[in-house]
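As a plain string of letters, each chain reads:
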Amino acid sequence: MSVPAAAVRNTGEFFAFCLDTLRGLGRRPVQVREFVQQAWFISSVSILPAALVAIPFGAVIALQLGSLVRQLGAQSFTGAASVLAVVREAGPIVTALIIAGAGGSAICADLGARKIREELDAMQVLGIDPIHRLVVPRVLASMLVAVLLNGLVSVVGVTGGYAFNVVLQGGTPGAYLASFQALGQLPDLLVGEIKALLFGAAAALVASHQGMTAKGGPKGVGDAVNRSVVITFMLLFALNFVVTAVYFQVVPQKGS
């Protein structure tokens, strides 16, 4: 099979897998125990790295934007630019990268190991749907953790940006907050949470699909983990572009 044909086939199989997972969301019984275990595991491996990454991320954004607006003579808008950049873009992206790199790779490795040990085939022989039993709880857990983690990343990033702007760049705390209140709005926070929700679902779906289609023993599982991380990163940036474009078309911006 040629490379383009294989790519088209793999893409079709992934979309069929996503539809099967979506259909499994409404099926009973609900795997509450598996969901809680996966949510706890993903959050335990993601919280600390996300918080540590958010601090320099917010600081870099504040420093870069602070320097730029100073050159333009618009220092009073530093707070709005920094906070909106973190809440709309940086927070969801950092959250997605951490979820995909830590939680997604673990999901892929777990399901890939089950695949090469033929556990998934045994479940199907027993009449148990692996997607409903294993994939759906992981997708829901990843979505929940992504939404909560995005809030943490946004708070840490905004705090770090505020501290660096006020301490290193001589900004005024009142002007920093006033500019954000003048230009910020509730939909800015909502679109960040929606992005995190979609990114968490995409990371879990890609990781689960790659794990459940792994072949070739332990080496195949390792290759599946690598593929899942790379594919997730590419998909996340494409989704981010689409959601951002739709947001600016639908939601009117303050000051425009």
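Residues numbered from 1 in each chain as written. Predicted model: local features only at pLDDT ≥ 70, side-chain atom pairs only at ≥ 80, totals over all residues. Heavy atoms only, no water.

1. Quick word on the UniProt feature "transmembrane region" (unreviewed entry) in the chain
Those places that UniProt annotates as "transmembrane region" (unreviewed entry) correspond, in this numbering, to residues 39–61, 93–113, 139–164, 189–208 and 229–250. End C-alpha to end C-alpha, residues 189–208 measures 29 Å, and it is 100% helix and 0% strand. (UniProt positions renumbered as here; feature names shortened; annotations may be inferred. Helix = DSSP H or I, 4+ residues; strand = E, 2+ residues; numbered from the N terminus.)

2. Let's talk about the layout of surface pockets
Quantified by volume, the largest pocket comes out at close to 930 Å³. Counting residues per element, the ones that place at least two in the lining of the largest pocket are helix 1 (3–24), helix 5 (130–168), helix 7 (186–212) and helix 8 (217–250). Take the lining of the largest pocket: its biggest share by element is 10 residues, from helix 1. Taken together, the residues that form the lining of the largest pocket break down as 18 nonpolar, seven polar and four charged. (1 Å grid on protein atoms, 1.4 Å probe; cavity = no way out; pocket = protein on both sides within 12 Å on 5 of 7 lines; lining within 4 Å. Points joined across faces, edges and corners; volume = space filled by probe spheres on them. Nonpolar A, V, L, I, M, F, W, Y, C, P; charged D, E, K, R; others polar.)

3. Concerning the pattern of salt bridges
Going through the model one piece at a time under the given rule, you end up with nine salt bridges. A salt bridge links Arg133 to Glu34; its shortest N-O distance comes to 3.4 Å. With Arg133 in helix 5 and Glu34 in helix 2 (residues 32–72), the pair connects residues that are 99 residues apart, well separated along the chain. A relative accessible area of 30% means that Arg133 is categorised as partly exposed. Judged by relative accessible area, which is 10%, Glu34 ranks as buried. The salt bridge involving Glu34 is made with Arg138; its shortest N-O contact spans 2.9 Å. With Glu34 in helix 2 and Arg138 in helix 5, the pair connects residues that are 104 residues apart, well separated along the chain. Each of Glu34, Asp110, Arg114, Arg117, Glu119, Arg133 and Arg138 takes part in salt bridges that share partners, so that together they form one network. (Salt bridge = Lys/Arg side-chain N within 4 Å of Asp/Glu carboxyl O. Buried < 20%, exposed > 50% of the residue type's maximum accessible area, 1.4 Å probe, protein only.)

4. Describing the nonpolar core
Buried together is how nonpolar side chains tend to be arranged in soluble globular proteins. Counting residues in each nonpolar core, the largest one holds 37 residues, and the members touching the most others are Ile99, Val135 and Met212. Looking at this core, the elements that each hand over two or more residues are helix 1, helix 2, helix 3 (78–116), helix 4 (119–125), helix 5, helix 7 and helix 8. For Met212, the residues in contact, after removing those within four places along its chain, are Phe17, Leu111, Lys115, Leu120, Pro130, Ile131 and Val135. (Core = buried A, V, L, I, M, F, W, Y, C linked by side-chain atoms within 4.5 Å. Contact = heavy atoms within 4.5 Å.)

5. Quick look at the environment of Val191
Structurally, the position occupied by Val191 is in helix 7. In this structure the C-alpha to C-alpha distance between Val191 and Val87, which are 104 residues apart in sequence, comes to 8.7 Å. When near neighbours in sequence (up to four residues on either side) are disregarded, Val191 contacts Arg88, Val243 and Tyr247.

6. Things to note about the packing of helix 7 against helix 8
At a minimum axis separation of 9 Å, helix 7 and helix 8 run at an interaxial angle of 155°. Taken together, the axes of helix 7 and helix 8 are roughly antiparallel relative to one another. Note on packing geometry: the crossing formed by helix 7 with helix 8 is right-handed. Contacts between helix 7 and helix 8 involve Pro187, Asp188, Val191, Lys195, Leu198, Phe199, Ala202, Ala203, Val206, Ala207 and Gln210 from the first element and Ala224, Arg227, Ser228, Ile231, Thr232, Leu235, Leu236, Leu239, Asn240, Val243, Thr244 and Tyr247 from the second. (Axes fitted to C-alpha atoms, helices over the stretch in contact; angles between N-to-C directions. Parallel < 35°, antiparallel > 145°, perpendicular 65-115°, else oblique. Left-handed = near helix turned anticlockwise from the far one by under 90°.)

7. So, the side chain of Thr95
Along the chain, the position of Thr95 falls in helix 3. Using a relative accessible area of 1% as the deciding quantity, one classes Thr95 as buried.

8. So, helix 8
An ideal rise of 1.5 Å per residue puts 50 Å on 34 residues; helix 8 measures up with 48 Å between its terminal C-alpha atoms. Every buried residue of helix 8 is listed here: Gly220, Val221, Ala224, Val225, Ser228, Val229, Thr232, Leu236, Asn240, Val243, Thr244 and Tyr247. (Expected span 1.5 Å × (residues − 1).)

9. As for unusual backbone geometry
One non-glycine residue, Glu118, adopts positive backbone phi at about 65°. Inspection of the secondary structure assignment puts Glu118 in the loop between helix 3 and helix 4.

10. Some details on the confidence of the model for the chain
On average, residues of the chain score 81 in pLDDT, and 84% of them are at 70 or above. When pLDDT is averaged over each element of the chain, helix 7 comes out on top at 87 and helix 6 (residues 173–183) at the bottom at 66. (pLDDT = per-residue confidence, 0-100.)

11. Considerations on a nonpolar patch on the surface
Side chains of Ile55, Leu63, Phe164, Val167 and Leu168 sit close together on the surface and give an oily, nonpolar patch of about 450 Å² of accessible area. Of all elements in the fold, only helix 2 and helix 5 reach the threshold of two or more residues within the nonpolar patch. Inspection of the secondary structure assignment puts Phe164 in helix 5. (Patch = residues over 30% accessible without salt bridge, like charges linked within 9 Å, V, L, I, M, F, W, Y side chains within 5 Å. Areas by Shrake-Rupley, 256 points an atom, 1.4 Å probe, with all protein chains shown as cover.)

12. What to know about helix 7
Three or four residues apart is the spacing at which side chains of an α-helix point the same way, because the helix has 3.6 residues per turn. A rise of 1.5 Å per residue sets the reference length of helix 7, with its 27 residues, at 39 Å; its end C-alpha atoms lie 39 Å apart and thus fit the reference within 8%. The buried count for helix 7 comes to 19 of 27 residues, which makes it a mostly enclosed element.

13. Concerning empty space enclosed by the protein
Evaluation of the coordinates by the stated rule reveals one cavity of 30 Å³ or more. Quantified by volume, the largest cavity comes out at close to 40 Å³. Broken down by class, the residue content of the lining of the largest cavity amounts to six nonpolar, one polar and no charged.

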